Amino acid sequence: MTAAVVSDALEQEHVESHLHPEPTYDLEAHPTPTGREEIWRFTPLKRLRGLLEDTPAAGSLERKLELPDGVTLSELSLEEASALGGTAPFDRLGALAARNAGSAVLLDVAAEADVTEPVRVQLHGTGTEEAVAGRVVIRVGRHARAVVLVEHSGSTTYNGFTTVLLGDGAQLDLVHVNDWADDAVHAEQINARVGRDATLRQFEFTLGGDLVRTSTNVDYAGPGGTAELFGLYFADAGQHFEHRLFVDHNAPKTTSNVVYKGALQGEKAHTVWIGNVLIRKVAEGIETYEENRNLVLTDGCQADSVPNLEIETGEIEGAGHASAVGRFDDNQLFYLRSRGISEAEARKLVVRGFFDDLIRKVTVPELAEKLSAQVEEELQRHVLADLELA
Amino acid sequence: MSTLEIKDLQVQVQTEDGPKEILKGVTLTIKDGETHAIMGPNGSGKSTLAYSIAGHPRYEITGGTVTLDGEDVLEMSVDERARAGLFLAMQYPVEVPGVSVANFLRTAKTAIDGEAPKLRTWVKEVNGAMERMNLDASFSQRSVNEGFSGGEKKRHEIAQLDLLDPKVAILDETDSGLDIDALKVVSAGVNRFREREGKGVLLITHYTRILRYIKPDHVHVFVAGKVAESGGPELAEELEANGYERFLEAAV
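Each chain has its residues counted from 1, running along the sequence as written. Ligands are numbered from 1 and chains lettered from A, in the order in which they are written. This being a predicted model, a pLDDT of at least 70 is required before a residue's local features are given, and a value of 80 or more before pairs of side-chain atoms are given or counted; all residues contribute to the totals for chains, interfaces and linings. Hydrogen atoms and water are omitted, and side-chain values are computed over all heavy atoms in the structure.

Undergrad: Please give an account of the sheet that holds strand β7 (residues 157–166) of chain A that cites residues and values.
TA: Whether parallel or antiparallel, the strands of a sheet pair through hydrogen bonds between backbone atoms. Residues and elements named next belong to chain A. Taken in spatial order, the 9 strands make up an open sheet running β2-β3-β5-β7-β9-β11-β13-β15-β17, and their pairing is mixed. Of all the strands in the sheet, the pair left with one neighbour each is β2 (71–76) and β17 (302–311). The sheet shows a mean angle of 10° between the axes of neighbouring strands, taken without regard to direction. DSSP bridges decide pairing: two strands pair if at least two such bridges lie between them. Strands are runs of DSSP state E lasting at least 2 residues, helices are runs of H or I lasting at least 4, and numbering of each runs from the N terminus. As judged from the 6 bridges shared by β2 and strand β3 (residues 104–109), these two strands associate in the antiparallel manner. Within the sheet, the bridge partner assigned to Val71 lies in β3 and is Val109. In the packing of helix α3 (residues 92–100) onto the sheet, the strands contacted are β5 (132–140), β7, β9 (185–194) and β11 (211–220), and the crossing angle to β7 comes to about 90°. Angular values range over 0 to 180 degrees, each being the angle between N-to-C directions of two axes fitted as lines to C-alpha atoms, with helices fitted over their stretch in contact. Residue contacts are counted whenever heavy atoms from the two residues lie within 4.5 Å of one another.

Undergrad: For the confidence of the model for chain A, give the residues involved together with the corresponding values.
TA: As a per-residue measure, pLDDT tells how confident the predictor is, with possible values from 0 to 100. A residue-level look at chain A finds 96% of positions with pLDDT of 70 or above and a mean pLDDT of 93. For residues 1–7 of chain A, every residue scores under 50 in pLDDT, and the model assigns this stretch 4 contacts once sequence neighbours within four places are set aside.

Undergrad: An account of the nonpolar core is requested, with residue identities and associated values reported.
TA: By nonpolar core we mean a set of buried residues, namely Ala, Val, Leu, Ile, Met, Phe, Trp, Tyr and Cys, connected to one another through side-chain atoms within 4.5 Å. Only protein chains enter the accessibility calculation, which uses a 1.4 Å probe. A residue is then buried if its area is under 20% of the maximum for its type, exposed if over 50%, and partly exposed in between. With 113 residues, the main nonpolar core has Phe234, Leu297, Val351 and Phe355 of chain A together with Ile6 and Leu49 of chain B as its most contacted residues. Tallying contributions element by element places helix α5 (residues 343–361) of chain A first for this core, with 8 residues. In this view, Phe234 of chain A contacts Thr206, Leu207, Gln239, Phe241, Ala263, Gln265, Leu297, Val351, Phe355, Val375, Glu378 and Leu379 of chain A; residues no more than four positions away in its chain are not counted. Formed by 52 residues, the second largest nonpolar core is a distinct cluster that contains Val119, Val150, Ala170 and Leu200 of chain A.

Undergrad: Hey, could you go over helix α3 (residues 101–113) of chain B for me, with residue numbers and the actual values?
TA: Look at α3 of chain B: 18 Å from first C-alpha to last across 13 residues, which is about the 18 Å you get at 1.5 Å a residue. Those residues of α3 of chain B hidden inside the fold are in contact with α4 (330–337) and α5 of chain A together with β7 (96–100), α4 (119–132), β8 (143–144) and α5 (150–164) of chain B. The positive-phi residue at the C-terminal boundary of α3 of chain B is Gly114 of chain B, with phi of around 80°. Working rule for helices: expected span equals 1.5 Å times residues minus one.

Here's what the structure looks like:
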């Protein structure tokens, strides 16, 4: 352990909570879950295909890169990756990924670099047989600005541990597109530390896979930081998509805004959204808001949505949350149809409208268009196909 | 020509205590180019009549017929009714988040005409309709009814009436909640529609105020789910002077 890691660990006052266990790289401290624990109770553990076992991960993902000027990629040992800082794994999956990845990849944006072209990382799975473990560090130097787009596709059994480090005044748009094949299993923990006056905007778009479970954990290295965490998911029959967010307001005058929206269709489509916010004693003057909305498009789906707020100081600007699970609003459909718009077209409009504010926030224009098209394609699979049959 | 014919219409809704009959045999014919006002106290079933004609799924038709130019309206789906030429301006227009007014209007116009409107003339038409209703040009970029004031919602309904150009318009308490300036703008919009060839209007209202700006050919007093009395504009004047009491007593 380097001095930086020790001081990180010591500075934080411990807050007892079943919602977010103590982070550590020590696997012993993260026993194999039974499934009854708060952080595991929504996840179908059997479908993780052995990702909770401590076995070497022999598989890999095909990687394609587009690195604009000012951005470098290098290999590190796992020890070197941990020494760069950031929060240790909160759960067993994260600890296993960090331990079994073999080596780590550092994506480095130089200080004060203004990278206008997106950094693109395409990760493609070529089979589910051999498990893949990944360890990535994304570091954005002070006052630098960058967009990083990570696109997942193909078949895999993948467990990733990603550390995001934003220097003072840095700005990062981090976009994850999880558009896996139907048989993919993907677990990932993304632990981000936001520097003083830095801004992290993260987008997660989860559209495909058998099971996807991501945990994003954010804390702050100083006052004035902002974390905006946006997500969109569209679960089909049998798919389990789980997004867990934890914002640890451990510094004053910090801001967080979490908005996740999902649609579900088809038998046994299951989505889980957990939004945890901790406001520590020192975190005076912070502002936080978290929101999750789910649109249940057919019978037989389940959307779990749990916002949690732990407050240790009342000296804040604001803290709020909203959570909703609903069906198509009959009145909306009636209004549109009363103007001559067919039922199928009306449903398309409503769903497109539901996701529109999130998609419009994406700073990569061709990606926004692609996502709109994909949402429509998803709709065609059940909601619109069912209408044609009826 | 356009004739909306309602014969002995009976409608019920499901409540916790079982089905409840709301319309108890309504008969009404709106002929080519006529404007009919339906006036009645709260709870008399005026809005039920409007929504039943438009096909809202909450209202169950238990008897009677509705035809538009001889076509069976009750057999049609909600959107088919609109494409056949019916338009309902709603008392409480519904918010559709994320769907812009521009997109909504273009989609509706395309559905009703069966082809997309020509882009250049359409944008002009939309801007013209907005301007006539005192709505800012930026209005088209807002989400349908989301964050609109009460007056903006009603003016937006009448802008749609202008652009979609139905055969028969049903206006469900379009005047309620409007201040005098907005009422004049809305009334002028409805009158412009009436000036077009052969348009029918069914104006449902609680107040006589709007009838100073929109002159009906026929006035019907609606009480307890049916037409209690029909007459000319003078019937509205009587209501203005004496209220609904005479009709309520008769219904008891």
